[in-house]
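Below, each chain spelled out in residue letters.
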Amino acid sequence: MFTNHAAKKLFKQVEKIRCASSSGARPDGVLDNLDIPTPASLPVLGTRLDIWKAGSSKKLHEYIDGRHKELGPIYRESLGPVTGIFVADPEAIRSIFSQEGKYPVHIVPEAWVLFNKEYDYSRGLFFMDGPEWLTHRTKMNKLLLKGDLNWMEECCNIIIDDFINQLNGNLNEEVKNLDEMLYRTFLNVLIGLLLGSKGYKKHAELVKSSVKNLTRDIGKVFETTVKLQMLHANWAFKLGLPQWNRFEESMRTALTSTYILIEDIEKKCEDESSLLMKMRNEDMSDDCIKAIVGDLILAAADTTAYTMQWMLYSVARNMDVQDKIRSELSNPDSTYTKYVLKETLRLYPVAPFLTRFLPHESVIAGYRVPKNSLIVMSIYTTGREEKYFKDAGKFVPERWDRGSDMQATAQASLPFAVGARSCIGRKLAEYELQKMLTEIVKNFRLKLSNTEEIQMVMKMVAVPSPSIRLKLDKI
Ligand code: HEM
């Protein structure tokens with residue numbers, strides 16, 4: 001029989017062993033997950049007050065940047081119901097991608113997952129996982145990322161010419177509805193690619209009117225999703241809150257319009273070089289095409305339209321950059337607009353966080369991280385770190401030139417992510433954004449009309465707030 005004293009002593013010894021194994025460095029020098037720095041937090045409330053004071057979810061990138069400055073390149077924090085391990089170190093980020101496994105998994109908005117489950121909607125690449133994702137992703141990689149992608153150019157060029165014509169109607173005054181014009185243009189490009197350039201030319205007016213409605217419907221989905229993010233989507237759903245009902249309604253409307261448009265494209269599409277025909281030739285069923293194209297439509301326009309706005313904002317404030325783009329127009333080998341885009345995405349990554357759930361226990365930045373932990377890579381922070389970019393706050397496209405003495409650490413700016421699950425639209429986005437920028441700067445001198453400070457705020461993607469106001473002078 002133990003005496004009380006002996007029992008206490010034994011308990012203390014067991015506790016000591018337990019603590020030694022769960023905290024502090026192990027013999028291999030790796031620290032435990034529980035040793036990852038965490039911010040001070042209140043019982044029940046956690047760090048909600050701090051997040052609220054920093055500007056809530058709209059300013060999450062700045063809040064997390066501040067936490068990295070306080071706690072270092074790796075820290076752990078619970079944001080509402082999820083706990084994330086936040087990482088802002090290029091070497092650690094490289095190691096995360098190298099451990100992501102055959103079927104990388106990222107986080108998707110809770111409300112969208114609930115909606116898909118509730119209505120039994122099959123969705124595209126962004127939502128798929130495991131072997132299903134890999135099969136479709138491999139087929140789509142062949143069409144959108146690999147080999148000769150010149151087939152995309154003709155259609156992009158027609159639609160960008162059309163956009164320049166619209167700008168010509170806005171000379172010497174502020175461009176009206178720039179946000180919507182850009183959004184519609186990039187959506188048109190995707191629909192144009194699906195139809196093929198011959199089909200697009202034939203049906204351009206019809207496409208434009210469908211795109212107009214779709215722009216409005218998708219806009220509502222993003223708006224209602226952002227409102228739900230302030231709440232707990234699952235609770236809002238279970239309690240049938242008006243925010244959930246509005247989201248549900250917008251999602252149903254947008255998906256219905258998307259599917260009607262896809263069916264329409266399927267009927268009209270005859271062009272062998274169109275994306276739709278290429279998908280059919282990859283043995284994809286009509287249902288699968290619908291699901292994948294639906295997601296492409298949702299992912300394509302917002303990201304590119306807002307990146308274009310950030311790029312126009314940056315060049316409008318830097319006349320020397322505009323002059324240099326013009327001076328390089330006759331050089332077909334010029335890489336300058338590519339650098340302008342890279343520099344824009346370094347400072348204004350529309351997706352400022354990349355996420356992964358790793359399939360095995362792993363070691364990240366010297367800490368052991370249990371399998372399936374949510375890892376959030378803070379590329380907004382790495383992209384603005386003086387350690388990786390000299391004069392990090394300045395917009396200097398030349399830094400991306402290998403010969404430049406301005407430092408640029410490529411691994412610290414990953415706006416499209418890397419690896420098997422990186423952005424499938426990267427090549428298309430790079431082409432259309434560079435082409436549009438070149439055409440705009442060739443035709444117009446850009447001036448920014450905003451006098452107030454432009455802030456970066458999160459509305460699903462990182463957008464300028466208030467909106468960019470541009471004035472154009474014809475050259
Ligand atoms: C500047 C423009 C864009 C940026 C910065 C961007 C960025 C990203 C990022 C960071 C991801 C997540 C990757 C990950 O989890 O590792 C992603 C995924 C994705 N993007 Fe983009 N994107 C852009 C344009 C586009 C376009 C034009 C399309 C469509 C043609 C597109 C379609 C997708 C899809 C479908 C996924 C999910 C891929 C998968 O899970 O396999 N994106 N994008």
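Being a predicted model, the structure only gives us computed values, none of them experimental. (Residues numbered from 1 in each chain as written. Predicted model: local features only at pLDDT ≥ 70, side-chain atom pairs only at ≥ 80, totals over all residues. Heavy atoms only, no water.)

Trainee: Help me understand the overall build of the protein chain, please; the structure alone is not making it clear to me.
Mentor: When helices and strands are tallied, the protein chain shows 17 helices and 10 strands. The C-alpha radius of gyration of the protein chain comes to 25 Å, within 12% of the 23 Å expected for a compact globule of 475 residues. Taken over 475 residues, the protein chain has a buried fraction of 49%. The long-range share in the protein chain, meaning contacts at least 24 apart out of those at least 6 apart in sequence, stands at 70%. Accessible surface computed for the protein chain: about 22800 Å², of which carbon and sulfur atoms make up 54%. Charged side chains of the protein chain number 65 positive and 61 negative; the gap between the two group centres comes to 4 Å. (Helix = DSSP H or I, 4+ residues; strand = E, 2+ residues; numbered from the N terminus. Rg over C-alpha atoms; globule rule 2.2 N^0.38 Å. Buried < 20%, exposed > 50% of the residue type's maximum accessible area, 1.4 Å probe, protein only. Contact = heavy atoms within 4.5 Å. Areas by Shrake-Rupley, 256 points an atom, 1.4 Å probe, with all protein chains shown as cover. Lys, Arg positive; Asp, Glu negative; His and termini not counted. Charge placed at Lys NZ, Arg CZ, Asp CG, Glu CD.)

Trainee: Looking at this structure, how should I read the pattern of salt bridges?
Mentor: Any two side chains of opposite charge can pair, given that their charged atoms come close. Scanning all chains against the criterion turns up 33 salt bridges. Note that aspartate 129 and arginine 421 form a salt bridge whose closest N and O atoms lie 3.1 Å from each other. You can see aspartate 129 sitting in the loop between helix H5 (110-119) and helix H6 (130-144) and its partner arginine 421 sitting in the loop between helix H16 (379-383) and helix H17 (426-443), a full 292 residues away along the chain. Given the relative accessible area of 6%, arginine 421 is considered buried. (Salt bridge = Lys/Arg side-chain N within 4 Å of Asp/Glu carboxyl O.)

Trainee: Help me out: how do you make sense of the site of the ligand in this one?
Mentor: Not every one of the 25 residues close to the ligand is listed here, only the nearest: His106, Trp133, Arg356, Arg421 and Cys423. At 2.7 Å, a side-chain N or O of arginine 421 approaches an oxygen atom of the ligand. For the shell around the ligand, the class distribution of residues is 17 nonpolar, five polar and three charged. (Near = heavy atom within 4 Å. Polar contact = N/O pair within 3.5 Å; in protein donor to acceptor, adjacent residues only side chain to side chain. Nonpolar A, V, L, I, M, F, W, Y, C, P; charged D, E, K, R; others polar.)

Trainee: Just checking my understanding: could you explain the pairing of strand E3 (residues 353-357) for this structure?
Mentor: The buried fraction of E3 amounts to four of the five residues, a majority that puts the element mostly inside the structure. When E3 meets strand E6 (residues 374-378), the two strands line up antiparallel, connected through five bridges. Its bridge partner being in E6, arginine 356 is matched across the sheet by isoleucine 375. (Pairing = 2+ DSSP bridges.)

Trainee: Would you mind showing me how to read the coordination of the iron atom of the ligand here?
Mentor: The reference angle at a metal is 109.5 degrees if four donors form a tetrahedron and 90 or 180 degrees if six donors form an octahedron. If you check the protein contacts of the iron atom of the ligand, you find one donor only, Cys423 (SG), at 2.3 Å. Position of cysteine 423 among the secondary structure elements: in the loop between H16 and H17. (Donors = N, O, S within 2.8 Å, 3.2 Å for Na, K, Ca; no water.)

Trainee: Teacher, can you tell me more about H5 here?
Mentor: Residues spaced three or four apart along an α-helix point in a common direction, a consequence of the helix completing one turn every 3.6 residues. Residues of H5 that are buried: Ala111, Trp112, Leu114, Phe115 and Asn116. Tucked inside the fold, the buried residues of H5 contact helix H9 (197-229), helix H10 (233-238), helix H11 (242-268) and helix H13 (286-316). Aspartate 120, located one to two residues past H5, shows a positive phi value of around 55°.

Trainee: Can you walk me through the side chain of threonine 258 in this structure?
Mentor: Positionally, threonine 258 belongs in helix H11. Setting aside residues no more than four positions away along its own chain, threonine 258 makes contact with Leu214, Gly294 and Ile297.

Trainee: Looking at this structure, I do not really get the environment of threonine 409. What am I missing?
Mentor: With respect to the helices and strands, threonine 409 occurs in the loop between H16 and H17. For the pair formed by threonine 409 and isoleucine 440, sequence separation is 31 residues and the distance between their alpha carbons is 29 Å. With near-sequence residues (within four places) excluded, threonine 409 lies in contact with Tyr388 and Phe389. At 2.9 Å, the side chain of threonine 409 and the backbone oxygen of tyrosine 388 are in polar contact.

Trainee: Just to check I follow, could you spell out the packing of aromatic side chains for this structure?
Mentor: Given two aromatic rings, one states the distance between the centres and the angle between the planes to describe the pair. Following the criterion strictly, the structure yields 15 aromatic pairs and no others. A centroid spacing of 4.2 Å and a plane angle of 0° characterise the contact between tryptophan 310 and tyrosine 348, whose relative ring orientation is stacked. With a gap of 38 residues between them, tryptophan 310 in helix H13 and tyrosine 348 in the loop between helix H15 (336-347) and E3 connect regions that are remote in the sequence. Tryptophan 310 gets classed as buried once you look at its relative accessible area, which sits at 1%. For tyrosine 348, a relative accessible area of 11% translates into the label buried. Put simply, the rings of Phe115, Tyr119, Tyr121, Phe237, Trp244, Phe247 and Tyr259 pair up and form one aromatic cluster. The aromatic ring of tryptophan 400 is capped on one face by lysine 342, whose charged end is 4.7 Å from the ring centroid. A cation sits over an aromatic face here: arginine 346 above phenylalanine 389, 4.9 Å from the ring centre. (Phe/Tyr/Trp six-rings, centres within 6.5 Å; stacked < 30°, edge-to-face > 60°. Lys NZ or Arg CZ within 6 Å of the ring centre and 35° of its normal.)

Trainee: Would you mind going over a nonpolar patch on the surface with me for this structure?
Mentor: A grouping of Leu42, Leu45, Leu49 and Trp52 is seen on the molecular surface, where their side chains present a nonpolar patch of about 420 Å² in accessible area. Assignment of secondary structure puts leucine 42 in the loop between helix H1 (4-22) and helix H2 (48-54). (Patch = residues over 30% accessible without salt bridge, like charges linked within 9 Å, V, L, I, M, F, W, Y side chains within 5 Å.)

Trainee: Explanation requested: the UniProt feature "binding site: heme" (unreviewed entry) in the protein chain in the structure shown.
Mentor: UniProt records the feature "binding site: heme" (unreviewed entry) at Cys423, using the numbering of this structure. Apart from the residues lying within four places of it in its own chain, the contact partners of cysteine 423 are Arg137, Leu145 and Phe416. (UniProt positions renumbered as here; feature names shortened; annotations may be inferred.)

Trainee: Before we go on, may I ask you to explain unusual backbone geometry in this structure?
Mentor: Most peptide bonds take the trans configuration, and most residues that are not glycine carry a negative phi. Between serine 465 and the following residue, proline 466, the backbone shows a cis peptide bond with an omega angle of -5°. Tracing the sequence through the fold places proline 466 in the loop between strand E9 (461-465) and strand E10 (470-474). Located in the positive-phi region is serine 56, a residue other than glycine, with phi close to 60°. With a relative accessible area of 23%, serine 56 lands in the partly exposed category.

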